[in-house]
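Structure assessment
One letter stands for each residue in the lines below.
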Amino acid sequence: METNIQQRKVQSNDEQTSIPMFNQSMAQTVGAYVFNTGKEKVQKTLNIYSHIDYLRPYFDVEPKDVLNRLLYSVIPIKNNNLTTELYGPLMILFTLCAILIYQMKTANHSIEDGTLIGTAFFVCFTYWIGVSFLASSTSFICNSSVSLFNYLSLIGYSLFSYCVVLFIGTFIHTSFDHFIFYSLWLLLGGASGLKLANIMFTNTPHPTYKIGLSLGIFLIHMFFLLYIHFAYHELAEEVSHALFEKESKNDPAKLIETVTEAVKSLNKRSVNDIMSDTRALNDTLKV
Amino acid sequence: MSNSNEETMQFLNAGSNFSDLEGELNVPTQNRPQSSNKTATILNMGSTQEIISTLDEPVSVTISRDLKAVAYKFGHVFFPKQSTLLLRDWDLWGPLTLCVILSITLEGDSKLDSNAPEFASIFALISFGAIIVTINTKLLSGKISFFQSICVLGYCLLPLVLVAILNDLILLITGNTSVISFSLRFILTLISCFWSVFASTAFLAADTINLTDRKALATYPVFLFYFVISWLIVLDTN
């Protein structure tokens, strides 16, 4: 009887303490879980930071080598050695991003869901990594000896010509026929495209694949340069066109020309024509 | 004899506290006293004194000391000379303040100009830019810690921040359209950009970083980083 009473007491005690006990254990487990996941995440980030060492060989380069590679990236015939260096390509990409941001800002290019800076980085890095993956996987199928890192380096250095062409094309914005841009596109872009094609050609054994691969990469290179120029350039063009028209209307030299033409035509035409001409003159002067 | 015994005991006591010894091993050689025995005692004493003093002192003293340290570093950036000050006592208060001020001054009104950069995008550009430059320096096998480099790059934003504020003032006084104001802003920004690059390379060129042949490679991303920010300052017409 007494034992029963004791048991009941113990049970009632348990019921009273069970909720705080449960809370405590819950807090402990949740705390342990949070601690463990936090620890794992910190370890992961630390691991990523230590993985930098694996990338170090790709950045083992001297300034002279970088300058040489930049120079030879627009000379298709010479120095066709394959490299796996990534310092140059990364720096070229960041420069290209900076030029694109400037170009977008001057072109009043606006993006609805996103920022100019983000778009510039996205476009450049997607092209670089995407084309490198595409080229390396196709060349793997075609038994070529060029690896992914070779492609990353190669395509990165070929973007140097993009930088030069876009830089000059953005700053020297003389006429609407894009003469400077097209000539640079053909000269520099073509030269670096040919360099890419040449390397693909020499490193692929099969004769048909050779031509296909080199032609493909050449075309991609040339068209992306066109796209990157015109996608963010259209508005700038329109704005400058409008400005030019405005300038020509207000230009005194042009006004004098129209006046002299009108005076010349006065001698030849009838009175009615003269009246209409004077009206036209008045209009132009008002403008 | 008893004196020497006491000294040995002191040394042993000091030696038993390895954390103190490890902590103080990084102190530059010129500040280190000659005798190792004395060094251990003094360092041990110094560290305990320092801990006690920071616990006891009022908050105002702590804040003023930190502010003085930040101001001293700003002075170092303003008159750049080759020193390891920013590398030794790095902090992120200065960079954070400068980054926020720059983001606020460059932030445009998105209703007036849809192209104007937002606060977040400038903040992200500066922070990610600094991180990328740091990783690049590390990849070029420079011996610099992550936060040291962020600290140097952040503090060296000072000339650009000053010019960004001046830029707003010039725009307020002269207006947007005049050629003189544009050229003035352009020249000021160019000077401050080169000032920033010069100051940061003066800090990063310290011998401890071990970038003997690759200074040019480490400097280029730094230059690009400051150049893009100065571009944003010149193009900012709000």
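Every value quoted in this text rests on a predicted model; they were computed, and no experiment measured them. (Residues numbered from 1 in each chain as written. Chains lettered and ligands numbered in written order. Predicted model: local features only at pLDDT ≥ 70, side-chain atom pairs only at ≥ 80, totals over all residues.)

**Description of the overall build of chain B**
Secondary structure assignment for chain B yields 11 helices and zero strands. What you see in chain B, going N to C, is helices and strands ordered as α-α-α-α-α-α-α-α-α-α-α. Within the span of chain B, comprising 238 residues, buried residues form 31% of the whole. Expressed as a percentage of contacts within chain B between residues at least 6 apart in sequence, the contacts between residues at least 24 apart total 71%. (Helix = DSSP H or I, 4+ residues; strand = E, 2+ residues; numbered from the N terminus. Buried ≥ 20, exposed ≤ 12 C-beta atoms within 10 Å, placed from the backbone. Contact = placed C-beta atoms within 7 Å.)

**Let's talk about the overall build of chain A**
Each helix and strand in chain A was counted, giving 11 helices and zero strands. The helix and strand sequence of chain A, counted from the amino end, reads α-α-α-α-α-α-α-α-α-α-α. Looking at the 287 residues of chain A, the share that counts as buried comes to 26%. Put simply, 72% of the contacts in chain A that link residues at least 6 apart link residues at least 24 apart.

**Regarding the UniProt feature "transmembrane region" (unreviewed entry) in chain A**
Residues and elements named next belong to chain A. Within this structure's numbering, the places UniProt gives as "transmembrane region" (unreviewed entry) are residues 86–104, 116–136, 148–173, 179–201 and 213–232. Along residues 86–104 one finds 95% helix and 0% strand; the C-alpha atoms at either end are 27 Å apart. Secondary structure content for residues 213–232 is 95% helix and 0% strand, while the C-alpha to C-alpha distance between its ends is 29 Å. (UniProt positions renumbered as here; feature names shortened; annotations may be inferred.)

**Here we look at the packing of helix α6 (residues 93–106) of chain B against helix α9 (residues 158–174) of chain B**
All names here are of chain B. Relative to each other, α6 and α9 sit at 25°, their axes nearing to 10 Å. On the basis of the axis angle, α6 is roughly parallel to α9. Considering only the axes of α6 and α9, their crossing is left-handed. Contacts between α6 and α9 involve Leu 98, Ile 101, Leu 102, Thr 105 and Leu 106 from the former and Leu 158, Leu 160, Val 161, Ala 164, Ile 165 and Asp 168 from the latter. By residue class, the composition of the contact of α6 with α9 is nine nonpolar, one polar and one charged. (Axes fitted to C-alpha atoms, helices over the stretch in contact; angles between N-to-C directions. Parallel < 35°, antiparallel > 145°, perpendicular 65-115°, else oblique. Left-handed = near helix turned anticlockwise from the far one by under 90°. Nonpolar A, V, L, I, M, F, W, Y, C, P; charged D, E, K, R; others polar.)

**Things to note about the UniProt feature "transmembrane region" (unreviewed entry) in chain B**
According to UniProt, the positions carrying the feature "transmembrane region" (unreviewed entry) are residues 119–140, 152–174, 186–205 and 217–235 of chain B. In this annotation, residues 186–205 of chain B is assigned 95% helix and 0% strand; the end-to-end C-alpha distance for the span is 28 Å.

**As for the nonpolar core**
Within the largest apolar cluster, 88 residues are counted, with the highest numbers of intra-cluster contacts made by Leu 93, Leu 96, Cys 97, Leu 100 and Ile 101 of chain A together with Leu 102 and Leu 160 of chain B. Of the residues forming this core, the biggest block, 13 residues, is contributed by helix α4 (residues 87–106) of chain A. Apart from residues lying up to four places away in sequence, Leu 100 of chain A is in contact with Ala 120, Val 123, Cys 124 and Tyr 232 of chain A. (Core = buried A, V, L, I, M, F, W, Y, C linked by C-beta atoms within 7 Å.)

**Looking at the interface of chain B and chain A**
Bring the parts together and some accessible area is lost; that lost area is often taken as the interface size. Chain B puts 20 residues into the contact, and the matching count from chain A is 19 residues. Among the elements of the structure, α7 (119–139) and α11 (215–235) of chain B are those that each provide at least two residues to the side of chain B that touches chain A. With eight residues, the single largest contributor to the side of chain B that touches chain A is α11 of chain B. Among the residues forming the side of chain B that touches chain A, the class breakdown is 12 nonpolar, four polar and four charged.

**Focus: the packing of α7 of chain B against helix α8 (residues 146–155) of chain B**
Residues and elements named next belong to chain B. It is the contact of α7 with α8, at a shortest axis distance of 9 Å, that shows an interaxial angle of 130°. One finds that α7 runs oblique with respect to α8. By crossing handedness, the relation of α7 to α8 is classed as right-handed. On the side of α7, the interface is formed by Ala 130, Val 133, Thr 134 and Thr 137, while α8 contributes Phe 146, Ser 149, Ile 150, Leu 153 and Gly 154. Here the residues of the contact of α7 with α8 sort into five nonpolar, four polar and no charged.

**Quick word on the environment of Asp 65 of chain A**
All names here are of chain A. Within the secondary structure, Asp 65 sits in helix α3 (residues 63–72). The exposure class assigned to Asp 65 is partly exposed, which follows from the 15 C-beta atoms found within 10 Å. Remark: the alpha-carbon pair of Asp 65 and Gly 88, spanning 23 residues in sequence, is separated by 9.5 Å.

**Brief notes about helix α7 (residues 179–203) of chain A**
Residues and elements named next belong to chain A. Between the first and last C-alpha of α7 there are 35 Å, a value that for 25 residues agrees with the 36 Å anticipated at 1.5 Å per step. Where α7 bends most, the angle comes to about 30°, and this point is Gly 190. Inspection of α7 places Phe 181, Leu 184, Trp 185, Leu 188, Gly 189, Ser 192, Gly 193, Lys 195, Leu 196, Ala 197, Ile 199 and Met 200 among the buried residues, and these make up the whole buried set. As for α7, its buried residues are in contact with α6 (148–171) and α8 (207–231). (Expected span 1.5 Å × (residues − 1). Bend = angle between axes of the 7 residues up to and from the residue.)

**Notes on unusual backbone geometry**
Residues other than glycine seldom take positive phi values, yet Asn 143 of chain A does so here, at roughly 60°. Tracing the backbone shows Asn 143 of chain A in the loop between α5 (116–141) and α6.

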